[in-house]
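# Results of the structural survey
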Amino acid sequence: MRHADVVVIGGGPAGLAAAIAARQGADRSVLVIERDVKLDGILNQCIHNGFGLITFNEELTGPEYAARFEQRAREAGVDFLLDSMVLDISNDRVVTCVSAGHGLVQVQAGAVVLAMGCRERPRGALNIPGFRPAGVYTAGTAQRLVNIEGLMPGREVVILGSGDIGLIMARRMTLEGAHVACVAELMPFSGGLKRNIVQCLDDFQIPLLLSHTVTRVEGEKRVEAVWVSEVDEHLRPIPGTEVRYPCDTLLLSVGLLPENELSRQAGVELSRVTRGPVVNESLETSVPGIFACGNVLHVHDLVDYVSQEAAVAGAHAAAFADAQAAGRELAAAHEVPVEAAGGIRYTVPQSIDPARMPDRLTVRFRVGGVYEHRAVCVYLDGERILRRKRDILVPGQMEQVDLRREDLLAHGTLDKITLTLEEA
Amino acid sequence: MTEEKRRLTCIRCPRGCALEVTLVDGVVATVTGNSCRRGDVYARAEVTNPTRVVTSSVPVAGSATAHMVSVKTAGDVPKGAVFSVMEALRDVTVQAPVRIGDVALANVAGTGVDVVATRNA
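To keep things clear, this report deals only with the structure shown in the data block. (Residues numbered from 1 in each chain as written. Chains lettered and ligands numbered in written order. Predicted model: local features only at pLDDT ≥ 70, side-chain atom pairs only at ≥ 80, totals over all residues.)

### Comments concerning the interface of chain A and chain B
Selection criterion: By the convention adopted here, residues are in contact when the distance between their C-beta atoms, placed from the backbone, does not exceed 7 Å. Only DSSP runs of H or I reaching four residues or more are called helices, and only runs of E reaching two or more are called strands; each is numbered from the N terminus.
Counting residues at the interface gives 22 residues for chain A, matched by 20 residues for chain B. Mapped onto the side of chain A that touches chain B, the elements with two or more residues apiece are strand 3 (49-51), helix 2 (62-76), helix 3 (139-149) and helix 5 (194-201) of chain A.

### Looking at the sheet that holds strand 9 (residues 103-105) of chain B
Residues and elements named next belong to chain B. Put simply, the rule reads: At least two DSSP bridges between two strands are required for those strands to pair.
Ordered in space as 8-5-6-10-9, the five strands form an open sheet in which the pairing is mixed. Two strands lie at the open edges of the sheet, namely strand 8 (94-95) and strand 9, each paired on one side alone. Across three bridges, the pairing between strand 6 (residues 68-73) and strand 10 (residues 115-117) is antiparallel. Along strand 10, the bridge assignment pairs Val71 with Ala117.

### Thoughts on the sheet that holds strand 17 (residues 249-252) of chain A
Residues and elements named next belong to chain A. Note the threshold: Axis geometry follows a simple rule: fit a line to the C-alpha atoms, using only the stretch in contact for helices, then measure angles between N-to-C directions, giving values from 0 to 180 degrees.
If you walk across this open sheet you meet the five strands as 10-17-11-12-13, and the pairing is parallel. Single-partner strands in this sheet number two, and they are strand 10 (136-138) and strand 13 (208-210). Strand-to-strand twist across the sheet, computed as the mean angle between neighbouring axes with direction ignored, equals 20°. With five bridges connecting them, strand 11 (residues 156-160) and strand 12 (residues 179-185) associate as parallel partners. Each residue of the ladder has a partner; that of Glu156, found in strand 12, is His179. Lying over the sheet, helix 4 (residues 164-175) contacts strand 11, strand 12 and strand 17, oriented at roughly 170° with respect to strand 12.

### Structural notes on unusual backbone geometry
Threshold: Around each residue's C-beta, the other C-beta atoms within 10 Å are counted; 20 or more make the residue buried, 12 or fewer make it exposed, and counts in between make it partly exposed. All C-beta atoms are placed from the backbone.
With an omega dihedral of 5°, the bond running from Val348(A) to Pro349(A) counts as a cis peptide bond. On the secondary structure map, Pro349(A) appears in the loop between strand 21 (344-348) and strand 22 (351-352). A cis geometry characterises the amide bond from Ala96(B) onward to Pro97(B), with omega recorded as 0°. Residue placement: Pro97(B) occurs in the loop between strand 8 and strand 9. One non-glycine residue, Asp40(A), lies in the positive phi region at around 85°. C-beta crowding within 10 Å serves as the criterion here: with 23 such atoms nearby, Asp40(A) is assigned to the buried category. For Ser211(A), which is not glycine, the phi torsion reads 55° and is therefore positive. Position of Ser211(A) relative to the elements: it lies in the loop between strand 13 and strand 14 (212-218).

### Let's talk about helix 2 of chain A
An α-helix turns once every 3.6 residues. As a result, residues three or four positions apart point the same way. Rules: Here the expected length of a helix is defined as 1.5 Å per residue gap, with one fewer gap than residues.
Its 15 residues give helix 2 of chain A an end-to-end C-alpha distance of 21 Å, which sits within 8% of 21 Å, the value for a rise of 1.5 Å per residue. Turning to helix 2 of chain A, its buried residues are Gly62(A), Pro63(A), Glu64(A), Tyr65(A), Ala66(A), Ala67(A), Phe69(A), Glu70(A) and Ala73(A). Packed against the buried residues of helix 2 of chain A are helix 1 (13-23), strand 3, strand 4 (60-61) and helix 7 (303-325) of chain A together with strand 6 of chain B.

The structure is reproduced here in structure tokens:
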């Protein structure tokens, strides 16, 4: 059996940043296993700009951002196993993968970093009535067809869901000569970033229909029309509001799901809210030595934050592997649960050990609805230690607060950390 | 003297600041709501001469790894020229090997801006 100090599952932006961090400070063997024939994951097809403002202070396209991390990883001496599909991770960190080139390969890992990313919610998850004609694609599939394969999926388009990929594809299809009739969004607010509504829809006069959904797909062999209805406050279609849009293509941008089949097999506890692993301050899952980062942990809006988070996971995985190699036990954790309340849906991490946390720890979270003029507050048991005013918080935008270790240590015995929203 | 206020969402970073531009006799007097200098620059351009970076992909010949190479305008082009840029790119095919930054089409649509590759192939 092969051995590597740190094995990273997935060679997208999270995997690359984790691997680079795991190589820092000592000569550890770090292996990235990627199922595609090339690295960089989804950034390959994200040809639009807007990446890297935080990391590089310039506006890069997805492939450019990825190329910089790929080069850093190669320079850092990371090993890669491409075109290889991981089939299993055991709870004692034996990673099993297969590939046409190498057959079945087993690797004993000192530590594992999960960086498998996410995938799109498909049509089957939506219960749209109608036949199953050609012309219904997830927005990401259309993005791959246009940007990587050079193929146009259709000419007259309706988009369901206002996630960022749907917005980006509304613009992309328009630039390539298609007509996008509308973007229908079930919720009364968009799931995408506001800048994407401005530069992808408003720039091209594409209507965004909030509180609308697709109630019928017409056509047996190919999509011929899509029916869009307004919905009431319970998200039920309102009879009589249907509008028929003749079209040949329906794109779906209705959410992303972390891809955690491998995590589940390894016995990793998953959150029902994020659908990703439950992690502590080191981004370590419930299985010792298995860490998680990026979209497999929780769906991000910005790759810059994925890279930051992944570097943290990679560094902690390296520390775990070092301890394993030296036969050292890491100090036992005394995890304090982090509770999400008052409209906050979840936090990552979900627990913190004040003794093991860094001087400043970033806690990322999302809210469940649109909240204006609120303050994000952090309580240690009953004591408020942080209050940050926000003009607006929306579900489509990940938020973060930094906790200071000295604040947590100063509190003494701690049973619960609470993140909540209050009136500003 | 006529004063006009325009509300914009900054598109320069994902933060998407809500900007308010005050124009006096058609000239920008103040920009508020921005969190950084990018927002100020964006707001002034957006109400006078709005510009965009255009990204697309073009076919690549002779590459073992790719059918298409992603490209972008190396800088901003006038918003009104976006479709002219796309039209000019319609017949462009690049030859492998291509490196990030290689010019795929110089002075696209007379904008004075080059279209450059954003991936290697």
